[in-house]
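Listed below are the residues making up each chain.
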Amino acid sequence: MGKALFITGTGTDIGKTYVTGLIVKKLRDAGLNGGYYKAALSGAVLDEKGVLQPGDALHVNAVAGIGESIPQLVSYIYQEAVSPHLAAKLNDEPIDFGRVEKDYHRAKDKYEYLTMEGSGGIICPLRWDEKQHVILDDLVKHLNLGVLIVADAGLGTINSAVLTIEHLRAREIPVRGIIFNNYIPHDIMQDDNAKMIEAMTGVKVLAYVKKGDKELGMKVEVLKGLYE
């Protein structure tokens, strides 16, 4: 059985998938058996054959050169670009967390370093119906995963990053570190954002990703150490 790490974002559309692709690529380029898994994906697009294509998962699959099939990458795929709990209701296809756990462990058994990507932020609802209430952090805690946070480097990130960290700590979920995305080198505000987040939480910004980066600026030994 391999090791695993969970990737969450401080919100939606901050580049979590882009950074995740660089993470898995870094591992695989170093000759390590890195894999990817996502429990639920919303906002998939229909191809010419009417089959839903999970863009985020396919992006990581291609960038990192994993070569995995769609069913092994994602358990639940929804077309609507809404929270998974709502997409599940719209499609009358609620998430079965027994299936998710089975798929996760299958992936973890196959890959030495499994990177599991979340949906949206850490408080994203995955299922909310008369039978079950499950938030993303419930799944992370159940799978006993540590979390790496992807945050936008720009204005507002102190608030969103600190709140995300404090919530994870309240749930007793280990926080492995932060990666800043959309980073502009030598930008006074963005550099101060990193310093303030580290000072307020004690959590380190481990890497800075600029727009268009094709490689993750982090030593592979440091990256490997985040997985358990």
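Rules behind the numbers
- What you see as residue numbers is a count from 1 along each chain, following the sequence as written.
- It should be noted that, the model being predicted, local features are given only for residues of pLDDT at least 70 and side-chain atom pairs only at 80 or more, the latter also being counted only at that level, while totals for whole chains, interfaces and linings use all residues.
- With hydrogens and water excluded, all non-hydrogen atoms of the structure serve as input to the side-chain values.
- Here, a salt bridge means any Lys or Arg side-chain nitrogen found within 4 Å of an Asp or Glu carboxyl oxygen.
- In DSSP terms, a helix is any run of H or I states spanning at least four residues, a strand is any run of E spanning at least two, and both are numbered starting from the N terminus.
- Interaxial angle, 0 to 180 degrees, is taken between N-to-C directions of lines fitted to C-alpha atoms, where a helix line uses only the stretch in contact.
- Here the word oblique covers every angle except those under 35 degrees (roughly parallel), over 145 (roughly antiparallel) and from 65 to 115 (roughly perpendicular).
- Left-handed describes a crossing in which the near helix is turned anticlockwise from the far one by less than a right angle; the clockwise case is right-handed.
- Every residue pair with non-hydrogen atoms within 4.5 Å of one another is taken to be in contact.
- Put simply, Ala, Val, Leu, Ile, Met, Phe, Trp, Tyr, Cys and Pro go in the nonpolar bin, Asp, Glu, Lys and Arg in the charged bin, and everything else, Gly too, in the polar bin.

(A) Spotlight on the pattern of salt bridges. Taken as a whole and judged by the stated rule, the model has 15 salt bridges. The closest approach of N and O atoms between Glu215 and Lys25, which form a salt bridge, is 2.7 Å. Of this pair, Glu215 sits in the loop between strand E11 (205–208) and helix H9 (220–224) while Lys25 sits in helix H1 (residues 16–29), and the two are 190 residues apart along the sequence. Salt bridges sharing partners connect three or more residues here, namely Lys16, Lys38, Asp56 and Glu117.

(B) Region of interest: the packing of helix H7 (residues 157–170) against helix H8 (residues 188–201). Look at H7 against H8: their axes get within 10 Å of each other, and the N-to-C directions meet at 25°. Between H7 and H8, the crossing angle belongs to the class labelled roughly parallel. As H7 packs across H8, the resulting crossing turns out to be right-handed. From H7, Thr157, Ile158, Ala161, Val162, Ile165 and Arg169 reach across to H8, where they touch Asn193, Met196, Ile197, Met200 and Thr201. Class assignment of the residues belonging to the contact of H7 with H8 gives a composition of 7 nonpolar, 3 polar and 1 charged.

(C) Expanded view of the packing of H1 against helix H2 (residues 55–63). Close contact between H1 and H2 brings their axes to 8 Å; oriented N to C, the two are set at 30°. It follows from the interaxial angle that H1 and H2 lie roughly parallel. Crossing of H1 over H2 shows right-handed handedness. In contact with Thr17, Tyr18, Thr20, Gly21, Val24 and Lys25 of H1, H2 contributes Asp56, His59, Val60 and Val63. For the contact of H1 with H2, the residue count by class is 4 nonpolar, 4 polar and 2 charged.

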